[in-house]
Amino acid sequence: QQEAVSAFLSRGKGTVKAAPGAGKTIIALSVAERLASAWDTWKEGSVFATLVITPTIDLVNQWKRFAEEHGIRNVVVITYAKASRLVDNGVFWGGFTFIVADEMHHLQKGPAFMRILIPIFKARYALGLSATPPTDPKNPALRVLPVIYEYTLAESQDEGYAAPIEVRPVPVKLTETERKKYADLTEKIRIMISRYGADNYQNKPFGKDPETGETIWGGALTTERKQLVAMAEQKFEKLHDLVTEILRLDTYCPVDDAPNRVLVWSEYVVALEKAKEVLNQNGPIAELLTGKTPKKERQRIWQAWGTEFPVLLVAKLAEEGVDYPELEIGIIIAGARTTRQNIQRLGRLLRPSPGKEKANLYIVFTRMTIEEKLLSLMDGLT
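Residues numbered from 1 in each chain as written. Predicted model: local features only at pLDDT ≥ 70, side-chain atom pairs only at ≥ 80, totals over all residues. Heavy atoms only, no water.

Novice: Please explain a negative patch on the surface as it appears in this structure.
Specialist: A contiguous patch of negative charge on the surface is contributed by Glu-233, Glu-237, Asp-241, Glu-245 and Asp-250. Positionally, Glu-237 belongs in helix α12 (residues 233-247). (Patch = residues over 30% accessible without salt bridge, like charges linked within 9 Å, V, L, I, M, F, W, Y side chains within 5 Å. Areas by Shrake-Rupley, 256 points an atom, 1.4 Å probe, with all protein chains shown as cover. Salt bridge = Lys/Arg side-chain N within 4 Å of Asp/Glu carboxyl O. Lys, Arg positive; Asp, Glu negative; His and termini not counted. Charge placed at Lys NZ, Arg CZ, Asp CG, Glu CD. Helix = DSSP H or I, 4+ residues; strand = E, 2+ residues; numbered from the N terminus.)

Here is the structure:
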């Protein structure tokens, strides 16, 4: 962390690429403290203020709490969505000397968020934080906030700042009906690729739906195939069996050393809703958290997780910033096919804590489908 702080102070602008659990929040707050102290000396009578931009409301609250705990004053925390709405407000941006872009890889997501790079470029000091920044050096986000310091996952694990992790593949099969549908969609996608190329078929028409007469687009075929494997029947049966085994619910008396928190991810809320129904069929052990969950209910669920119920079902909401060091078990039932998302999910399990020997990530995937690629994407991440 000290090396990262020194690297930034020598440059004044750039990104710290550090593995999950390496203390990126502490790095940013330490920079703010050092800059504010020097600013009081250089600019007597002026106010040093820090703006933190972060992806979610939960992270906004987390940053505010950390800043207060560390005694860092004049810190404003907003989401990327709000920052994009304020991007043309020069008075707002002019009030901050130091800007922190938490999970800065979000700055490459579409023109609205990329425009935030303009006030970041103009800022006197700007720090990007991410375990997974863009890899293309020509990416606009990296041209404004180039990587100035890197701390790898291997280094973090070797030095005891990240827990060892074991990835456990859990294969299931498509039913006969699901397999026929999958083969049909795959053949249609093959035809589209032969017509337009792998990079261009998504926004091209395949033909007309024989029942509705509406145009079928290449992207819709891809989405339908992903949703088909995400909702495979055997996944939910296997999830139920897996959670029962992990929590030792098949015993006749409570087991003291059974984990009290299990995190389950899916890209699709509909899959999580079905998972909740399956897991709760013999009693309430799982809660569902989505981006549409009201703020008060969201806070209640976070606080009750691990005491009132053990299984938390989440989509992308918990890929970033969830801070439960004792968390040892994660399960993916419909995996993202990007390395960035997989690293973020691993990061929820990597934080070390007393008595935590290792973490386990179970990947429930359908055999002989696109989901097998998820396993190859995990190679080298653990």
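Novice: Any chance you could explain the packing of aromatic side chains here in plain terms?
Specialist: We describe a pair of aromatic rings using the distance from one ring centre to the other and the angle between the two ring planes. The tally for this structure, following the rule as stated, stands at five aromatic pairs. Residues Phe-8 and Phe-98 carry aromatic rings whose centres are separated by 5.8 Å and whose planes lie at 50° to one another, so their mutual orientation is tilted. Taken together, the residues span a long stretch of sequence, with Phe-8 in helix α1 (residues 2-9) and Phe-98 in strand β4 (residues 98-102) at a distance of 90 residues. The residues Phe-8 and Phe-98 share a single accessibility class, namely buried. An angle of 65° between the planes, with centres 5.2 Å apart, marks the rings of Phe-92 and Phe-96 as edge-to-face. According to the relative accessible area criterion, Phe-96 is buried, its value standing at 12%. Ring pairs connect the aromatic residues Phe-92, Trp-93 and Phe-96, which therefore count as one cluster. Sitting above the plane of the Phe-121 ring, Lys-13 keeps its charged end 5.7 Å from the centroid. The ring of Trp-305 is capped by Arg-261, whose NZ or CZ atom sits 5.6 Å from the centre of that ring. (Phe/Tyr/Trp six-rings, centres within 6.5 Å; stacked < 30°, edge-to-face > 60°. Buried < 20%, exposed > 50% of the residue type's maximum accessible area, 1.4 Å probe, protein only. Lys NZ or Arg CZ within 6 Å of the ring centre and 35° of its normal.)

Novice: How should the environment of Gln-234 be read in this particular structure?
Specialist: Mapping Gln-234 onto the fold places it in helix α12. C-alpha of Gln-234 to C-alpha of Val-364: the two residues are 130 residues apart in sequence and 9.6 Å apart in space. Gln-234 has contacts with Val-172 and Lys-173, leaving out every residue within four places of it along the chain. Side-chain polar atoms of Gln-234 contact the backbone nitrogen of Lys-173, separated by 3.0 Å. (Contact = heavy atoms within 4.5 Å. Polar contact = N/O pair within 3.5 Å; in protein donor to acceptor, adjacent residues only side chain to side chain.)

Novice: How do you make sense of the environment of Val-100 when you look at a structure like this?
Specialist: Mapped onto the elements, Val-100 comes out in strand β4. Along the sequence, Val-100 and Ile-53 sit 47 residues apart, while their C-alpha atoms lie 6.1 Å from each other. Here Val-100 is in contact with Ala-28, Thr-50, Leu-51, Val-52, Ile-53, Trp-63, Leu-127 and Leu-129, once residues within four sequence places are set aside.

Novice: Help me understand the nonpolar core, please; the structure alone is not making it clear to me.
Specialist: One broad trend across soluble globular proteins is that nonpolar side chains are buried collectively. Phe-8, Val-16, Trp-63 and Phe-98 are the most contacted members of the largest nonpolar core, which has 30 residues in total. When residues of this core are traced back to their parent elements, those giving at least two are α1, β1 (13-18), α2 (24-42), α3 (57-69), β4, β5 (125-130) and β6 (147-151). Among the elements that make up this core, the one with the highest residue count is α2 (seven residues). (Core = buried A, V, L, I, M, F, W, Y, C linked by side-chain atoms within 4.5 Å.)

Novice: Help me understand the packing of α12 against helix α13 (residues 269-279), please; the structure alone is not making it clear to me.
Specialist: What describes two packed helices is the angle between their axes and the distance between those same axes. Packing of α12 against α13 brings their axes to within 10 Å, and their N-to-C directions diverge by 50°. In terms of axis orientation, α12 runs oblique to α13. Crossing of α12 over α13 shows right-handed handedness. In contact with Phe-236, Leu-239, His-240 and Val-243 of α12, α13 contributes Ala-271, Lys-274, Ala-275, Val-278 and Leu-279. (Axes fitted to C-alpha atoms, helices over the stretch in contact; angles between N-to-C directions. Parallel < 35°, antiparallel > 145°, perpendicular 65-115°, else oblique. Left-handed = near helix turned anticlockwise from the far one by under 90°.)

Novice: Could you clarify how one ought to interpret the pairing of β5 in this entry?
Specialist: For a regular strand, the rule is simple: side chains alternate between the two faces of the sheet. Counting buried positions over the six residues of β5 gives six, a clear majority of the element. The side-chain alternation of β5 yields two buried faces, one formed by Tyr-125, Leu-127 and Leu-129 and the other by Ala-126, Gly-128 and Ser-130. The pairing of β1 with β5 spans five bridges and is classified as parallel. Within the sheet, the bridge partner assigned to Val-16 lies in β5 and is Leu-129. One ladder, built from five bridges, connects β4 with β5; its direction is parallel. Looking at β5, one finds that Ala-101 is bridged to Gly-128. (Pairing = 2+ DSSP bridges.)

Novice: How do you make sense of the side chain of Ser-84 when you look at a structure like this?
Specialist: Within the secondary structure, Ser-84 sits in helix α4 (residues 80-85). Setting aside chain neighbours within four positions, we find Ser-84 in contact with Ala-112, Phe-113 and Ile-116.

Novice: Help me understand the pairing of β4, please; the structure alone is not making it clear to me.
Specialist: Of all five residues in β4, five are buried; the element is thus mostly enclosed. The alternating pattern of β4 places Phe-98, Val-100 and Asp-102 and Ile-99 and Ala-101 on opposite faces, both of which are buried. Pairing analysis gives four bridges linking strand β2 (residues 50-54) to β4, with the strands arranged parallel. Bridging across to β4, Thr-50 finds its partner in Phe-98.

Novice: Looking at this structure, I do not really get the pattern of salt bridges. What am I missing?
Specialist: It is possible for side chains bearing opposite charge to pair when their charged atoms get close. Under the criterion given, the structure shown has eleven salt bridges. Between Arg-300 and Glu-287 there is a salt bridge, with the nearest N and O atoms lying 3.1 Å from each other. Pair noted here: Arg-300 is in helix α14 (residues 295-304) and Glu-287 is in strand β11 (residues 286-289), with a separation of 13 residues, a long-range link. For Arg-300, a relative accessible area of 31% puts it in the partly exposed group. Take Glu-287: its relative accessible area is 18%, and that puts it in the buried class. Each member of the salt-bridge network shares a partner with another, and the members are Glu-287, Glu-297 and Arg-300.

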